[in-house]
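Spelled out, the chains give:
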Amino acid sequence: MHKALLTRFVAFGCLAILAPSTRAADQRTESKTSITRISPSADAQYELQSALINSVPGDVIELAAGTYEFDTELNVVCDNFTIRGAGQDQTILSFKNQNSGSGGLTATGNAFVIEDLAVQDTVGNGIKVLGARDVTFRRVRVEWTAGPKPTNGAYGIYPVECRNVLIENSVSIGASDAGIYCGQCRDVVVKGCTARTNVTGIEIENTVNADVFDNLATDNTGGVLIFDLPGLNLVNGGGVRVFHNQIVDNNHENFAPLGTMVADVPAGTGVMLMATDQVEIFDNDIKGNQTSNVMIVSFLITERKLNDAKYDPYPEAFSIHDNRMSGGGKKPSGQLSALLTPLIGVPFPDIFYDGITDKRKLVDGKQPDSLRSAIRNNGDATFANVHVDDFTPANVLAGKYRVDRSLAPYNVEVAHLKPVALQPHAAPTGAGNPAVAVYRAAPKKLSEWKLFREVNGAFVAEPSLIPYELNTPLFSDYTAKHRTIRLPEGSRMTWTADAAFEFPVGTVIAKTFAYPDTKPDKTAGERYVETRIELREASGWYGYSYVWNDAQTDADLRLGGGSVDVSWKDADGTLKTNHYQIPNANQCIVCHGQDGKFVPLGPTAKNLNRTYHPGDHSDQITEWIKKGLLHDAPSDRSAKMAQYDNPTTGSVDDRARAWLDVNCAHCHNPVGSARTSGLDLRTAQLDPAKYGVFKSPVAAGKGSGGRRYDIIPGRPDESILMFRLETEEAGARMPSLARNMAHQQANELIREWIRAMPVQVANDR
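Residues numbered from 1 in each chain as written. Predicted model: local features only at pLDDT ≥ 70, side-chain atom pairs only at ≥ 80, totals over all residues. Heavy atoms only, no water.

### Notes on the overall build of the protein
- Summing up its helical and strand segments, the protein has 12 helices and 47 strands in all.
- The C-alpha radius of gyration computed for the protein amounts to 28 Å, which stays within 12% of the reference 27 Å derived for 765 residues, consistent with globular compactness.
- Each principal axis of the C-alpha atoms in the protein carries an extent, and together these give about 90 × 60 × 45 Å.
- Residues classed as buried in the protein amount to 60% of the 765 residues present.
- When contacts within the protein are restricted to residue pairs at least 6 apart in sequence, those whose partners lie at least 24 apart make up 64%.
- Carbon and sulfur atoms provide 51% of the accessible area of the protein, an area that totals close to 30,000 Å².
- Across the protein, 77 positive and 89 negative side-chain charges occur, with their mean positions spaced 2 Å apart. (Helix = DSSP H or I, 4+ residues; strand = E, 2+ residues; numbered from the N terminus. Rg over C-alpha atoms; globule rule 2.2 N^0.38 Å. Buried < 20%, exposed > 50% of the residue type's maximum accessible area, 1.4 Å probe, protein only. Contact = heavy atoms within 4.5 Å. Areas by Shrake-Rupley, 256 points an atom, 1.4 Å probe, with all protein chains shown as cover. Lys, Arg positive; Asp, Glu negative; His and termini not counted. Charge placed at Lys NZ, Arg CZ, Asp CG, Glu CD.)

Put into structure tokens, the structure is as follows:
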């Protein structure tokens, strides 16, 4: 490590932390632009993550040319923030040895800019930006360098639930779903990009207002897809223009993991429009796509279950005009092509329309003017409306099935869509990032928090701490946990029925993770690995981790995360090992983030409503009330979360849903970080379609396990949920952070729950 770097950082284990002597000078809370320059080195991963944690609006990180090696994902939460390399072939962020996290880089801050670098070989998505405004990808390359494989990450460049998005002059290669993907976004421009050797080159999904132009999509399974899918927060997108693109020779074998939506895309698809209204495709060169140059289909053609009453599965009001099409349809592939080829012949039509329409909307057998579609001025392009609704064996045998090849009904004028007008990025507000001061002021040693005292050679909790237990705890790779709360003197917690209790400013919630250990030291019978701290400041909650030393005498702050190799013997004497993961400070918000705010997860009324320990009849909430530690609690406190491992506390359904609520619903809820999947695993969610029954996967990638639905009643081995809980593969396992090992006892319970689930809960439309 260079001398200058040593001056700024004190290294402990895997993490570099700002030294106390530099802390005061670096406590910037105002939005003055600061440029941090980082070069490749053995410490670059932790130097970069530390810089990400300590950034304030307006900051820039410049990465010098070279290759950077990462084994975990990077996380950005700062607004008005830029990451800049020396060029997409010069600055390379390699994740080929990644063993934790769900992707390469995840950002949640507004006005995020990333430019002039490459991200390679991530276990999951390349670069994901979630729920942000003003997002720019410029001259970025995302690639899986070992070639097309179903184990590659799903998405390369991946803004989701974002607004005012620009992706320009960027490249994606080898994604097992979509190279450049904009999902549930508003106001998007994708221009000057290259997408090749992906399953889907460019995909616009459930998005309102997008312009896709001046791009090259080639050697993908499908070149450009405009999709609308059910079950998501934003459905019924539209206002999509695809123009002046080169969409040629997209004939690559489909290598998507089975079960994903794009696994059904036939190799040889140029443009596929599915279920989206208000789409205009014009002035493109669409050539050499050997199933069809343009396919227009309803979601119903997928034959997947549909349980979303808000969703419109029919493509309407589309316009395909003034394109140049040729050389397609010579080797059609896919199940539908195999069925229809004997009837419509080869070559397949340049423009293929499944003809499935919503007959409820027809007026005198025709689409009303507001929903009419146009297909015109595409040169010598051939066309077929195959009327899939009428394609039945009986109709075929009776000669009643027809294929319409006439474009006359579509030779109409429809209004052009308006161009997307992106807005300039909002300037930094001057509010700064309060987390910077909080993190830099944090004690560097756990002992400074005064949570423990030594009694008879062993650590015990300080008397001022409030110990607590949960009905169903979060699984953390078989660790034992010691949970405590410290309130400011004279203060109280406030009862909240359906969320974590309210805590006063100055509250400290601590959780220590431990494995069995027979060595004689101050942590008797256990080896303490990590203590996580949640601190309530006036500006909100903050979380960080302390890692215990080998001597078990103290723990050191690791804002940037890390890992610890541990081994222990379980109850039957079997030796177990684990590469235990320490989350970085920005990763805390991934699980603890609710609508952009950090919240505690465990201490909720239903999960705290229990006795302290088995055999101890003291009710902890009642005791807190008696001691004046909790107020505003109602007299009726009968609601309890079931204990997943105690059949006397609830049915299989109660206990399985409780485990999923605690372990999964912190992300999978309407305001959590996994909200974009549409999967809601809270116990409060009573709609089976929302908690996964016959729900098609979204952005699962290899996490689908080759399965079509999150849950299939009675069939745990065909349910994606079961696969993601049982696998230990990085990029596929769930939860994706702070878990390496599968929870066998809970998985047996979830299996029993799915097996017993009544099939009739699914509503098929």
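### Notes on the layout of surface pockets
- By volume, the second largest pocket amounts to about 690 Å³.
- In terms of lining residues, the second largest pocket is bounded by 26 residues, among which I301, T302, E303, Q335 and L336 are the most central.
- Secondary-structure elements contributing two or more residues to the lining of the second largest pocket are β25 (269-274), β28 (292-297) and α4 (335-344).
- Counting residues per element, the lining of the second largest pocket draws most heavily on α4, which supplies 4 residues.
- For the lining of the second largest pocket, a count of residues per class yields 18 nonpolar, 4 polar and 4 charged. (1 Å grid on protein atoms, 1.4 Å probe; cavity = no way out; pocket = protein on both sides within 12 Å on 5 of 7 lines; lining within 4 Å. Points joined across faces, edges and corners; volume = space filled by probe spheres on them. Nonpolar A, V, L, I, M, F, W, Y, C, P; charged D, E, K, R; others polar.)

### Some remarks on the packing of aromatic side chains
- If you walk through the whole model with that rule in mind, you get 26 aromatic pairs.
- Between the aromatic rings of Y528 and W548, the centroid separation amounts to 5.1 Å while the plane-to-plane angle is 80°, which identifies the pairing as edge-to-face. Remark: W548 occurs in strand β41 (residues 540-548) and Y528 occurs in strand β40 (residues 526-537); sequence separation between them is 20 residues.
- What makes Y528 buried here is its relative accessible area of 7%.
- Looking at W548, the relative accessible area reads 6%, which means it is buried.
- One aromatic cluster in this structure is built from F318, Y353, F383 and Y410. (Phe/Tyr/Trp six-rings, centres within 6.5 Å; stacked < 30°, edge-to-face > 60°.)

### Overview of the confidence of the model for the protein
- Averaged over the protein, the pLDDT score is 88; the fraction of residues at 70 or greater is 93%.
- Scored below 50 in pLDDT, residues 1-31 shows 65 contacts in the model against residues more than four places distant or in partner chains.
- For the stretch residues 761-765, pLDDT sits under 50, and the model shows 16 contacts to residues farther than four places along the chain or on other chains. (pLDDT = per-residue confidence, 0-100.)

### What to know about the packing of helix α10 (residues 652-663) against helix α12 (residues 744-756)
- Contact geometry for α10 and α12: axes closest at 9 Å, N-to-C directions at 130°. On the basis of the axis angle, α10 is oblique to α12. The element α10 and its partner α12 pack so that their crossing is left-handed. Contact residues: α10 offers V652, D653, R655, A656, R657, W659 and L660, while α12 offers A746, L749, I750, E752 and W753. (Axes fitted to C-alpha atoms, helices over the stretch in contact; angles between N-to-C directions. Parallel < 35°, antiparallel > 145°, perpendicular 65-115°, else oblique. Left-handed = near helix turned anticlockwise from the far one by under 90°.)

### With respect to the sheet that holds β40
- A sheet is described by the order of its strands in space; here 6 strands give the open sequence β36-β37-β39-β40-β41-β42, paired in antiparallel fashion. Each edge of the open sheet carries a strand with a single partner, namely β36 (466-467) and β42 (555-557).
- Sheet analysis places strand β37 (residues 480-486) next to strand β39 (residues 508-516), joined by 7 bridges and oriented antiparallel. Bridge pairing links K481 to F513 in β39.
- With respect to the sheet, helix α6 (residues 434-441) is in contact with β40 and β41, its orientation differing from that of β41 by roughly 30°. (Pairing = 2+ DSSP bridges.)

### Here we look at α4
- All of the buried residues along α4 are S337, L340 and I344. Buried residues of α4, viewed axially, fall in a sector of 85°; they line one side. In α4, the exposed positions that point more than 90 degrees away from the buried face belong to Q335, A338 and P342.
- On its buried side, α4 packs onto β31 (351-353).
- The first or second residue beyond α4 is G345, which carries a positive phi of 80°. (Arc of directions from axis to C-beta.)

### Topic: the environment of N220
- Position of N220 among the secondary structure elements: in the loop between β21 (216-218) and β22 (222-227).
- A residue is classified by how much of its surface remains accessible, and N220, at 0% relative accessible area, is buried.
- Sequence separation of N220 and E253 is 33 residues, and the distance between their C-alpha atoms is 8.0 Å.

### Things to note about the pairing of strand β23 (residues 238-243)
- Within β23, 6 of the 6 residues are buried, which leaves it mostly tucked inside the rest of the structure.
- In the sheet, strand β20 (residues 208-213) pairs with β23 via 5 bridges, with the strands oriented parallel. In the strand pairing of β23, V212 is matched with V242.

### Remarks on unusual backbone geometry
- Residue P347 is bonded to the preceding V346 through a cis peptide linkage, with omega at 5°.
- Within the chain, Q278 stands out as a residue other than glycine whose phi angle is a positive 55°.
- Its place among the elements puts Q278 in the loop between β25 and β26 (279-282).
- Notably, H387 is not glycine yet its phi reads approximately 45°, a positive angle.
- Within the secondary structure, H387 is located in the loop between β33 (383-385) and α5 (393-398).
- Accessibility expressed as a relative area gives 11% for H387, which makes it buried.

### Observations regarding the pairing of strand β12 (residues 133-143)
- Of all the 11 residues making up β12, 8 are buried; the element is thus mostly covered by neighbouring parts of the structure.
- Alignment of strand β10 (residues 112-120) against β12, held across 8 bridges, turns out to be parallel. Counterpart to Q120 in the pairing with β12 is E143.
- Note that β12 and strand β14 (residues 163-168) share 5 bridges and pair parallel. Directly across from R138, in β14, lies its bridge partner E168.
- For β12 and strand β15 (residues 171-173), the ladder comprises 3 bridges, and the chain directions are parallel. Counterpart to R141 in the pairing with β15 is V171.

### Thoughts on the nonpolar core
- If you look at the biggest cluster of nonpolar residues, it comprises 68 residues, and the most contacted ones within it are I83 and V190.
- Leaving out residues up to four positions away in the same chain, I83 has contacts with L52, I61, L63, V76, L105, F112, V113, I114, E115 and L117. (Core = buried A, V, L, I, M, F, W, Y, C linked by side-chain atoms within 4.5 Å.)

### Concerning the pattern of salt bridges
- Summed over the entire model, instances satisfying the criterion amount to 35 salt bridges.
- Taking the shortest distance from any N to any O, the salt bridge between R304 and D264 comes out at 3.4 Å. You can see R304 sitting in the loop between β28 and β29 (318-321) and its partner D264 sitting in the loop between β24 (246-248) and β25, a full 40 residues away along the chain.
- When its relative accessible area of 41% is taken as the criterion, D264 is described as partly exposed.
- Ionic pairing is found between K626 and E623, a salt bridge with its closest N-O pair at 3.9 Å. Of the two residues, K626 and E623 both sit in helix α9 (residues 620-626), 3 residues apart, roughly one turn of that helix. (Salt bridge = Lys/Arg side-chain N within 4 Å of Asp/Glu carboxyl O.)

### Section: empty space enclosed by the protein
- According to the stated counting rule, one finds 3 cavities of 30 Å³ or more in the structure shown.
- Size it by volume and the largest cavity reaches roughly 150 Å³.
- What lines the largest cavity is a set of 19 residues, among which T72, S100, G562, Q581 and I582 lie closest to the centre.
- If you list the elements that add at least two residues to the lining of the largest cavity, you get α3 (44-53), β43 (562-569) and β44 (575-582).
- In terms of residues, the lining of the largest cavity owes the most to one element, β44, which gives 3 residues.
- Its volume calculated, the second largest cavity comes out at about 80 Å³.
- What lines the second largest cavity is a set of 13 residues, and nearest its centre among them are Y155, D177, M261, P697 and A699.
- For the lining of the second largest cavity, the per-class residue count stands at 9 nonpolar, 1 polar and 3 charged.

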